[in-house]
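Observations on chain architecture
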Amino acid sequence: MPTFGSRGDNEPFAALAASASAAGHEVVFAHTSDIPSVPGASFEQWDLPGSLRELFGPQGVSLWRGLREYKEVFEPLLESIYQASSEHIRQLSPDVVVYHPKVLTAPVIAREVGALAVSAELAPTLTPTKEFPPAGIPWALPAGLNRASYGLISMGLAAFGSRAKKLAAEKGLPSHLPHLTLCPVSPSLVPQPADWPDSALITGQWHLGDQDRDATDDELDAFLEHPEVVYAGFGSMKNGDGTRRAEVIVAAARALGMRALIATGWGGLEPTDEMRAADDVLVRESVNHAAVLPRVSIALHHGGAGTTHAMLRAGVPSVIMPFLGDQPWWAARLAHQGLGPRAVNRHSRNTHDITRAMEAAEASRARVVEISESMAQEAGTEVALAAIETARAAL
């Protein structure tokens, strides 16, 4: 199971690995150092080279910078991951390869060794449907253009995908595509599209559950005893003035009589010394979502698929301040379904913008709790494993 990226790119694979292992399968989870190895895991964990945090952490995320620096910076990392993951697959000769779509060569090497190739499409981006535009296209389109809009994503990926297509041709393989595509998002948020092929499935989110609900400390526990705490964290996102962003969020929390729990992540929030010393602010690099989110009142975050699902699963209303990728799509999806306010610009310097959005988020609480209860009935990894086993048997 090769993947790479931020926490949101890795944790779903760790969850599926744990479930597959518990079901009696031998599992190897391969990832970069961007997440630590899962302690006490019942599955093997192999290293992939490089680190996105080391590569992009200092300067932050930027689509245009990424495009400018692709050949010199990003391509060498990709090539090393392609090579290492290909060596892993050939060495193991597994029955199934579940891979992140960024590991473009994985389905080809899986087919080479006779394995079932399963793409984990972490947000609905690559499988066309007329029901909604792909995650990654943040604006609303006329419904008649939804399916066609996936062509924009295909065009953007063509330069990268040609590598896999060429490799498949060199090896005489009939296809460079996966046999099965699984989308680990909640059907409560994104129901299975009626026009998807049988080889594509919305499974429900893959998450590690509540096994680490005790992953707090005395200081954090005491802070969370306050009845009104806002959580703010932007994960791997870093762009713009993280200090000013933290100041505005803390000011908004104080205006509403709330404490602020700040998760600095990769630098999206950079609290001042005054904030760190204040009684109504607590700073952490990251927190365990399962342990902390059920104990906060409102959350501000970037809107990644994993974080968005974690907030809803915990029943916490949230304000999304998106940076890039699928994040504006999730913000629009939640607003459309009455699960939160419209997105707030991540560069906003207006405290009133934040307080108004937080108040709007609070107004959506009943709907958020309803979705949380629905998500609690989902079994994403079990649905995924059943689909994989069926597809493998039919291969």
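First, a word on scope: everything that follows refers to the structure included in this document. These numbers were taken from a predicted model, which means no experiment stands behind them.

Our next topic: empty space enclosed by the protein. This model, assessed by the stated rule, comprises one cavity of 30 Å³ or more. Looking at the largest cavity, its volume works out to about 30 Å³. If you trace the largest cavity, you find it lined by Ser318, Val319, Ile320, Ala331, Leu334, Leu339, Gly340 and Pro341. If you list the elements that add at least two residues to the lining of the largest cavity, you get β11 (318-320) and α12 (327-336). Ranked by residue count, the leading element in the lining of the largest cavity is β11, at three residues. Residues belonging to the lining of the largest cavity are distributed by class as follows: six nonpolar, two polar and no charged.

Let us now look at the environment of Thr307. Considering the arrangement of structural elements, one finds Thr307 in helix α11 (residues 305-313). Given a relative accessible area of 13%, Thr307 falls into the buried group. Separated by 301 residues in sequence, Thr307 and Ser6 have C-alpha atoms that sit 12 Å apart. Discounting residues that sit within four places of it in the chain, Thr307 has contacts with His289, His301 and His302.

Let us look at the sheet that holds strand β3 (residues 96-99). Spatially, four strands are ordered β3-β4-β5-β6 in an open sheet, and the strand pairing comes out parallel. The outermost strands of the open sheet, each flanked by one partner alone, are β3 and β6 (200-202). Taken over all neighbouring pairs, the strand axes of this sheet differ in orientation by 20° on average, direction set aside. Here strand β5 (residues 180-183) pairs with β6 via three bridges, running parallel. Each bridged residue has a counterpart across the sheet, and for Thr181 the counterpart in β6 is Ala200. Strands β3, β4 (116-120), β5 and β6 of the sheet are contacted by helix α15 (residues 380-394), whose axis makes an angle of about 175° with β5.

So, on to helix α1 (residues 7-22). Here α1 spans 22 Å end to end across 16 residues, near enough to the 22 Å set by a 1.5 Å rise per residue. What α1 keeps buried is the set Asp9, Asn10, Pro12, Phe13, Ala14, Ala15, Leu16, Ala17, Ala20 and Ser21. Along its buried surface, α1 packs onto β1 (28-31), β3, β4 and α15.

To continue, consider the layout of surface pockets. A volume near 650 Å³ is recorded for the second largest pocket. In this structure, the second largest pocket is lined by 26 residues; those nearest its centre are Glu26, Val27, Val28, Pro94 and Val96. If you list the elements that add at least two residues to the lining of the second largest pocket, you get α1, β1, α4 (70-92), β3 and α15. For the lining of the second largest pocket, a count of residues per class yields 16 nonpolar, five polar and five charged.

Once that is clear, we can look at unusual backbone geometry. Phi at Ser93 is positive, roughly 45°, even though this residue is not glycine. Looking at the secondary structure, you find Ser93 in the loop between α4 and β3.

The next subject is the pairing of β1. Here β1 shows two buried faces, one formed by Val28 and Ala30 and the other by Phe29 and His31. Sheet topology places β1 next to strand β2 (residues 44-47); four bridges connect them, and they run parallel. Paired with Val28 across the bridge in β2 is Glu44.

At their nearest, the axes of α1 and α15 sit 9 Å apart, and the two run at 65° to each other. Here α1 is positioned roughly perpendicular relative to α15, judged by the angle of their axes. Considering the relative orientation of α1 and α15, their crossing is right-handed. In contact with Ala15, Leu16, Ser19 and Ala20 of α1, α15 contributes Thr381, Ala384 and Leu385.

We now examine the side chain of Ser149. You can see Ser149 is positioned in helix α6 (residues 146-170). A relative accessible area of 3% places Ser149 in the buried class. Separated by 2.4 Å, the side chain of Ser149 and the backbone oxygen of Asn146 make a polar contact. The contacts of Ser149, once residues within four sequence positions are left out, are Pro133, Pro134, Ile137 and Leu141.

By the definition in use, this model includes four aromatic pairs. Summarising the aromatic geometry, the rings of Phe132 and Trp329 are spaced 5.8 Å apart at their centres and angled 70° between planes, so their arrangement reads as edge-to-face. Of the two residues, Phe132 sits in the loop between β4 and α6 while Trp329 sits in helix α12, which places them 197 residues apart along the sequence. Among the residues examined, Phe132 registers a relative accessible area of 4% and is labelled buried. Exposure remark for Trp329: the relative accessible area of 5% places this residue in the buried category. Relative to Trp330, the ring of Trp329 has its centre 4.9 Å away and its plane inclined at 90°; by these criteria the two rings are edge-to-face. An aromatic cluster is defined as three or more aromatic residues linked by ring pairs; in this entry it consists of Phe132, Trp329 and Trp330. Over the face of the ring belonging to Phe4 we find Lys102, whose NZ or CZ atom lies 4.8 Å from the ring centre. Stacked on the ring of Phe234, the Lys or Arg Arg245 has its end atom at 5.9 Å from the ring centre.

The rules behind these values
Residues numbered from 1 in each chain as written. Predicted model: local features only at pLDDT ≥ 70, side-chain atom pairs only at ≥ 80, totals over all residues. Heavy atoms only, no water. 1 Å grid on protein atoms, 1.4 Å probe; cavity = no way out; pocket = protein on both sides within 12 Å on 5 of 7 lines; lining within 4 Å. Points joined across faces, edges and corners; volume = space filled by probe spheres on them. Helix = DSSP H or I, 4+ residues; strand = E, 2+ residues; numbered from the N terminus. Nonpolar A, V, L, I, M, F, W, Y, C, P; charged D, E, K, R; others polar. Buried < 20%, exposed > 50% of the residue type's maximum accessible area, 1.4 Å probe, protein only. Contact = heavy atoms within 4.5 Å. Pairing = 2+ DSSP bridges. Axes fitted to C-alpha atoms, helices over the stretch in contact; angles between N-to-C directions. Expected span 1.5 Å × (residues − 1). Parallel < 35°, antiparallel > 145°, perpendicular 65-115°, else oblique. Left-handed = near helix turned anticlockwise from the far one by under 90°. Polar contact = N/O pair within 3.5 Å; in protein donor to acceptor, adjacent residues only side chain to side chain. Phe/Tyr/Trp six-rings, centres within 6.5 Å; stacked < 30°, edge-to-face > 60°. Lys NZ or Arg CZ within 6 Å of the ring centre and 35° of its normal.

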